[in-house]
Amino acid sequence: MKTQRIRAVIAKESRELVRDPVTMWLCFLMPLVMLFLFGYAVNLDVEDIKLGVLDNDRTAMSRDLIDRFTASHYFRLIEDLPSPAAAEERLRRGTLSLVLVIPPGTQRRLARSETAPIPILVDGSYAATSLLAAGYAETIVTNYVAQPARIEPVVRVWYNPSMKSVNYIIPGLYGVILMAFPPLLTALAIARERESGTIQQIYASPLTTYEFMLGKLVPYAIVASLEMALVVGLGYAWFDVPFVGNPLELLAVAVLYVLITVGIGLLVSTLAKTQVAAMLIALIIALMPSFLFSGFLFPVFSMPMLIQMYARIFPTSYFIDFSRGVVLKGVGVEVLWFNVLWLAIYTVVIFLLAARLLKKKVA
């Protein structure tokens, strides 16, 4: 392997990259579009839940309980309902998300220290929101009727005390964005050369497979690393995401992850003969799993066991765990060394596999 030939490929690839304004815009504009789109659109916080009240007790206690609901920022009182039929009708039409039912005699039962069931009706058509709404309502009612209060629970949320979803969406988005564009751009670059026939000159040259791949990998890895720095900086400055850990440690592991994503692009280019095929394969094997099976939106441990095993094949989940660990918890390689080790193994395996497949094509 001669460094002079590698440098020549890097220079050629860099010139092609800089001279292609469309690709350069894609490199830096599209990650920012994704960052702002997901940063604002993907919001799992539940606030202003539409609340209806069916108060059949009409006592000081029932009014106090309703005040507890409206005083929280989770619920917004929409309607005082006259009957159970009205509650059912409002839930069916979707004008209410949750109905608090206070049966008659509730205050008397509580005064006698008797059990006083308080039904909470929840519109479960959107399961994620419904579970959170039901949990908030149950907590308010439980805290209110707990008598005597011998034990006072003190709950402290660590690492994301404000419980804002943007604080864990943005660090997860770093892994998704890097898996979206570098593989696509790398695969398209080689597929374009194959379609135009210029890659035959490479095959006829004394370049070895590894020299060719290293020359292709370096420019895109540099561009992807700049993308990462840009996205991390804007995520911190614009969305006010707390950054507890060491940013240099995150960027160092991000470079390792970038090598994987570019390597996947090289691997895709060995499988696709046209740019369209390269784009479709990159979307299927890189972008889709990074969204669905990486823990970006849904925790991997909550998936069925077979899906968990499938999800662990992809490197994105390891990088997202590391990213969230650095940003939110302030931990690094000393704690998440296993994730870094797996990313290093991925890098070597992907690169060797791509080189082997490319070598077969050249042969």
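Model, not experiment: these values are computed from the prediction.

The rules behind each value
Residues numbered from 1 in each chain as written. Predicted model: local features only at pLDDT ≥ 70, side-chain atom pairs only at ≥ 80, totals over all residues. Heavy atoms only, no water. Axes fitted to C-alpha atoms, helices over the stretch in contact; angles between N-to-C directions. Helix = DSSP H or I, 4+ residues; strand = E, 2+ residues; numbered from the N terminus. Parallel < 35°, antiparallel > 145°, perpendicular 65-115°, else oblique. Left-handed = near helix turned anticlockwise from the far one by under 90°. Contact = heavy atoms within 4.5 Å. Nonpolar A, V, L, I, M, F, W, Y, C, P; charged D, E, K, R; others polar. Expected span 1.5 Å × (residues − 1). Buried < 20%, exposed > 50% of the residue type's maximum accessible area, 1.4 Å probe, protein only. Phe/Tyr/Trp six-rings, centres within 6.5 Å; stacked < 30°, edge-to-face > 60°. Lys NZ or Arg CZ within 6 Å of the ring centre and 35° of its normal.

Engineer: How do you make sense of the packing of helix H7 (residues 166-196) against helix H11 (residues 275-292) when you look at a structure like this?
Structural biologist: Helix packing geometry: the angle between the two helix axes and the distance between the axes. It is at 9 Å that the axes of H7 and H11 come closest, and there the two elements cross at 165 degrees. By the angle between their axes, H7 is roughly antiparallel relative to H11. Viewed along their axes, H7 and H11 form a crossing whose handedness is right-handed. Taken together, the residues of H11 that come into contact with H7 (itself represented by Val 176, Met 179, Ala 180, Pro 183, Leu 184, Ala 187, Leu 188, Ala 191, Arg 192 and Glu 195) are Gln 275, Ala 278, Met 279, Ala 282, Ala 286, Leu 287, Ser 290 and Phe 291. Taken together, the residues that form the contact of H7 with H11 break down as 14 nonpolar, 2 polar and 2 charged.

Engineer: Even after reading the chapter, I still don't get helix H13 (residues 316-329), so can you show me in this structure?
Structural biologist: For an α-helix the count is 3.6 residues per turn, leaving residues at separations of three or four pointing the same way. The terminal C-alpha atoms of H13, which comprises 14 residues, lie 19 Å apart, in line with the 20 Å expected from a rise of 1.5 Å per residue. Taken across its 14 residues, H13 has 12 buried, putting it largely inside the fold. Of the positions making up H13, those classed as buried are Thr 316, Ser 317, Tyr 318, Phe 319, Ile 320, Phe 322, Ser 323, Arg 324, Gly 325, Val 326, Val 327 and Leu 328. Remark: Gly 330 follows H13 within two positions and exhibits a positive phi of approximately 75 degrees.

Engineer: Teacher, can you tell me more about the packing of helix H2 (residues 21-41) against H7 here?
Structural biologist: Packing of H2 against H7 leaves a shortest axis separation of 10 Å and a crossing angle of 155 degrees. Relative to H7, the element H2 lies roughly antiparallel. Along this stretch, H2 crosses H7, giving a crossing that reads as right-handed. Here Thr 23, Leu 26, Cys 27, Met 30, Pro 31, Met 34, Leu 35, Phe 38 and Gly 39 of H2 lie close against H7, whose contacting residues are Val 166, Ile 169, Ile 170, Leu 173, Val 176, Ile 177, Ala 180, Phe 181 and Leu 185. Classifying every residue of the contact of H2 with H7 by side-chain character gives 16 nonpolar, 2 polar and no charged.

Engineer: Teacher, can you tell me more about the packing of aromatic side chains here?
Structural biologist: The description of an aromatic ring pair rests on the distance of the ring centres and on the angle between the ring planes. What the rule picks out here adds up to 15 aromatic pairs. Measuring from ring centre to ring centre gives 5.1 Å for Phe 293 and Tyr 310, while their planes differ by 80 degrees; the resulting arrangement is edge-to-face. Of the two residues, Phe 293 is situated in the loop between H11 and helix H12 (305-311) and Tyr 310 in helix H12; the sequence distance between them amounts to 17 residues. In this structure Phe 293 comes out as buried when scored by relative accessible area, which is 17%. Over the aromatic face of Tyr 318 sits the side chain of Arg 312, whose NZ or CZ is 5.4 Å from the ring centroid.

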